Amino acid sequence: MSHVLPDVHEAKGFLYYSPIEPNTTDWEGLDPYWALTRFLTDVDGYLELDDVEINGELWDIRLNYHRGSIAPRPDDPIDTDEGLYEFDITVHGQGHTRGGSYQIRPRYPDLQTVDGDSIPTTFQHVADEGVSVQFQVSGMQLYEIRDLFPRFLQELFQAEDQDLYHGYFSRPVGGHINELERYVRIHRNMAKKVLQSGGQFHKLAIHMSGVEGVHGTYDFDNTEEMGYIHQFRYNQAGANDMVPTHKYGKQIKGYLPENPDAFDEDDALYHHKFGALYRTTLNNDNSIRWEDRHELVDELDEALLNVLSWAGVPIEAGGTTFISDDYFAAGAERDENVPIYEDPAPALEAEQETLLLRTLRDLSERTRSDVEVLQTLATDGGQHVRELADETEYGVSTIYRAIERLGDAVEVQNGHVEFMSQKIAEEVRAIADEISDVVESGAKRASNLVQREIRGSASSAFDKFLAKYGAEFERPDDGDGKPVVRIDTVLSWFKRSSRPRVEAVVDELLQAWHQDGYDVQEIGDARIVAELADGDRLDKEVRTLR
């Protein structure tokens, strides 16, 4: 089936206009600018048109101006010591949610402000003189930004019974894109796969934190609603770690509108919008040439659909996953399906698991100082060497020896020590939670986990469950006996406790048993034996704890 076609949410950039072949046309680069200047005088500086029909759609068009900072040249046909006029055209289409603004400025060599300062521009890379048109729009395709602009101008001139030479803005000679966002809208329930704790954004953020040279952030806001606004950003250095063929840093964002509770489930705005955004600030302040716009569109679509696919969200057009709105069509199909690449999170996870295994392999044989440094770092996230020494009551030289033995799992910069990635920190923290009670038990459990995984990548999910909680599985001696799962981790009944909850541990047990291909009914008679945080002892059948 064909992949869904994302739509444009917003676009910002510039279009440049000048004679395509200078000295062979009947107009010069600044002729359109002076034509607009004369027209502005004729309409006393302002013109507004309502409900202008263009290609079957009604548009509101407004022309205004302001004084810019560009100084006129001595031979320009204008008598002023102030900056030249700059023209503002504002347009609104369908329901006033589609449209934006165009700002028109003159361009010629050696631009200066009225104060005599030089004005650097990129226009001179494509022509000597002409007109620069800055656009900032939403809900408009890139070809519409280009094709509708001269039509808006023609409508303004014709409303005053004037003509504007069609060749002035028939085709840009260049331009560039500063921002472009492509988006889809998916069902709110499906959005959880991406936005929930442990979802695709969370996984990517954790794992990308361990990629050298990458700067990224994961911002989330659940104040209005769970999953209200979640943004995952990475710079240009992280592009090909996400997708091997990609070149551009991006923001992948899932969000709801303001006041999300104001919409019913049958309203499109009730459901999440997911977008992939190109922005110069994520790409060393570099923009995209206008002629490379199709390549940019493809890369944004690929990034967006790959992230959704990695999260387990179907990306085929139609069905119940996608929700149509005023612009995005859930049934619209891309001309060609995007390539779906391997999720980078498992690959990065495998690399960091290897590092974690090396770090913890002989934890049970490490010195107590190693264990306490691990525990302190896992709890506090990162500390200066002297703070570690104060907290653990070991000397600074002992701390440095422990750090050296921990190897690549930790980093030291200017005396500050932290785990090399959030992934490593979270895994160690999960093991170190009980060290405050029984250091030896925590070390033994860590070592057991490592040894089980070292023995082979085919270790069962149930074996990993046992290793995680320091548990043993006792099979019944005869046909009438019941198996016993003895857990060497203190559990709790309560959510507010820092201890693993009994209910959650039982759920993990059943899931692991099922993943290994066994019937969960078979483990239902097993007894779970464990110490509880309140001092009681748990000794109950699995089926009674579900």
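## Notes on the overall build of the chain
Helices and strands together make up the secondary structure of the chain, namely 15 helices and 19 strands. For the chain, buried positions account for 51% of its 546 residues. For the chain, the share of sequence-separated contacts (at least 6 apart) that also reach a separation of at least 24 residues comes to 65%. Of the accessible surface of the chain, which amounts to about 26900 Å², a share of 42% is contributed by carbon and sulfur atoms.

## Notes on the sheet that holds strand β16 (residues 471–474)
Pairing in this open sheet of four strands is mixed, and the strands run β16-β17-β18-β19 from one edge to the other. Unpaired on one side and paired on the other, β16 and β19 (537–541) mark the two borders of the sheet. Strand-to-strand, the axes of this sheet are offset by a mean angle of 15°, without reference to chain direction. As judged from the four bridges shared by β16 and strand β17 (residues 484–487), these two strands associate in the antiparallel manner. Bridge pairing in β17 links A471 to I487. Sheet contacts for helix α13 (residues 461–468): β16 and β17; angle to β16, the most-contacted strand, approximately 130°.

## Some words on unusual backbone geometry
Its identity is not glycine, yet D44 carries a phi of approximately 55°, on the positive side. In this fold, D44 is placed in the loop between α1 (31–42) and β2 (47–54). Note on D44: relative accessible area 71%, which makes it exposed.

## Let's talk about the packing of aromatic side chains
Taken as a whole, this structure holds 27 aromatic pairs when the rule is applied. Ring centres of Y102 and F152 lie 6.2 Å apart, and the angle between their planes is 55°; on these two criteria the pair is classed as tilted. Note that Y102 is positioned in strand β5 (residues 99–107) and F152 in helix α2 (residues 142–159), a separation of 50 residues in sequence. Comparing Y102 with F152, the two get one shared label, buried. Taken together, a centroid distance of 5.7 Å and an interplanar angle of 40° make the contact between F232 and Y234 tilted.

## What about a negative patch on the surface?
A contiguous patch of negative charge on the surface is contributed by D42, D44, E160 and D161. Counting through the fold element by element, D161 comes out in the loop between α2 and β7 (174–186).

## Observations concerning the side chain of R98
With respect to the helices and strands, R98 occurs in the loop between β4 (85–92) and β5. Side chain to side chain, R98 and E144 meet in a polar contact 2.9 Å long.

## What about the pattern of salt bridges?
Taken as a whole and assessed by the stated rule, the structure comprises 28 salt bridges. One salt bridge connects D325 with R185, and the closest N-O pair in it is separated by 2.9 Å. Placement of D325 in the loop between α6 (293–310) and α7 (344–360) and of R185 in strand β7 is noted, with a sequence separation of 140 residues between them. Of the residues examined, D325 reaches a relative accessible area of 18% and is grouped as buried. Across the salt bridge formed by E531 and R537, the nearest N and O atoms sit 2.7 Å from each other. Connected through salt bridges with shared partners, the residues R182, D298, D301 and R334 form a single ionic network.

## Quick look at the side chain of K250
Structurally, K250 is set in strand β10 (residues 250–255). The exposure class assigned to K250 is buried, which follows from its relative accessible area of 1%. Separated by 2.8 Å, the side chains of K250 and E299 make a polar contact. Other than its neighbours up to four places away in sequence, K250 contacts F232, R233, Y234, L277, L282, E299, L300 and A303.

## What about the environment of Y46?
With respect to the helices, strands and loops of the structure, Y46 is situated in the loop between α1 and β2. Y46 sits 19 residues away from Y65 along the chain, and the two C-alpha atoms are 7.5 Å apart. Once residues lying within four places of it in the same chain are set aside, the contact partners of Y46 are L40, R62, L63 and N64. At 2.5 Å, the side chain of Y46 forms a polar contact with the side chain of E48.

## Brief notes about the environment of E474
Relative to the elements of secondary structure, E474 occurs in strand β16. The spacing of E474 and V484 is ten residues in sequence and 5.0 Å in space, taken between C-alpha atoms. When sequence neighbours within four positions are dropped, the list of residues in contact with E474 reads P483, V484 and R486. At a separation of 2.6 Å, a polar atom in the side chain of E474 contacts the side chain of R486.

## Looking at the packing of α13 against helix α14 (residues 502–515)
When two helices pack together, you describe them by how their axes are tilted relative to each other and by the distance separating the axes. Following both chains from N to C, one finds α13 and α14 inclined at 150°, their axes separated by 7 Å at the closest point. Put simply, α13 runs roughly antiparallel to α14. In this structure, α13 contributes A461, F462, F465 and K468 to the contact, and α14 contributes V505, E508, L509, A512, W513 and Q515. Residues belonging to the contact of α13 with α14 are distributed by class as follows: seven nonpolar, one polar and two charged.

## A word on the confidence of the model for the chain
In this model, the chain carries an average pLDDT of 85, and 86% of its residues clear a pLDDT of 70 or more. Per-residue pLDDT stays below 50 along residues 361–365; that stretch engages in ten contacts with residues further than four places along the chain or on separate chains.

## Section: helix α3 (residues 188–195)
Among all positions of α3, only R188, A191, V194 and L195 are buried. Taken down its axis, α3 places every buried residue within 85° of arc, on the same side.

## A word on the sheet that holds strand β14 (residues 410–413)
Strand order in this open sheet of three strands is β13-β15-β14, and the pairing throughout is antiparallel. Two strands in the sheet have a free side with no partner beyond their single neighbour: β13 (382–384) and β14. Direction aside, neighbouring strands of the sheet carry axes that sit 20° apart on average. With four bridges connecting them, β14 and strand β15 (residues 416–419) associate as antiparallel partners. Residue pairing in the sheet places E411 in a bridge with E418 of β15. Helix α9 (residues 385–392) rests against β13 and β15 of the sheet, and its axis sits at about 95° to β13.

Reading the values: rules and limits
- Residues numbered from 1 in each chain as written.
- Predicted model: local features only at pLDDT ≥ 70, side-chain atom pairs only at ≥ 80, totals over all residues.
- Heavy atoms only, no water.
- Helix = DSSP H or I, 4+ residues; strand = E, 2+ residues; numbered from the N terminus.
- Buried < 20%, exposed > 50% of the residue type's maximum accessible area, 1.4 Å probe, protein only.
- Contact = heavy atoms within 4.5 Å.
- Areas by Shrake-Rupley, 256 points an atom, 1.4 Å probe, with all protein chains shown as cover.
- Pairing = 2+ DSSP bridges.
- Axes fitted to C-alpha atoms, helices over the stretch in contact; angles between N-to-C directions.
- Phe/Tyr/Trp six-rings, centres within 6.5 Å; stacked < 30°, edge-to-face > 60°.
- Patch = residues over 30% accessible without salt bridge, like charges linked within 9 Å, V, L, I, M, F, W, Y side chains within 5 Å.
- Salt bridge = Lys/Arg side-chain N within 4 Å of Asp/Glu carboxyl O.
- Lys, Arg positive; Asp, Glu negative; His and termini not counted.
- Charge placed at Lys NZ, Arg CZ, Asp CG, Glu CD.
- Polar contact = N/O pair within 3.5 Å; in protein donor to acceptor, adjacent residues only side chain to side chain.
- Parallel < 35°, antiparallel > 145°, perpendicular 65-115°, else oblique.
- Nonpolar A, V, L, I, M, F, W, Y, C, P; charged D, E, K, R; others polar.
- pLDDT = per-residue confidence, 0-100.
- Arc of directions from axis to C-beta.

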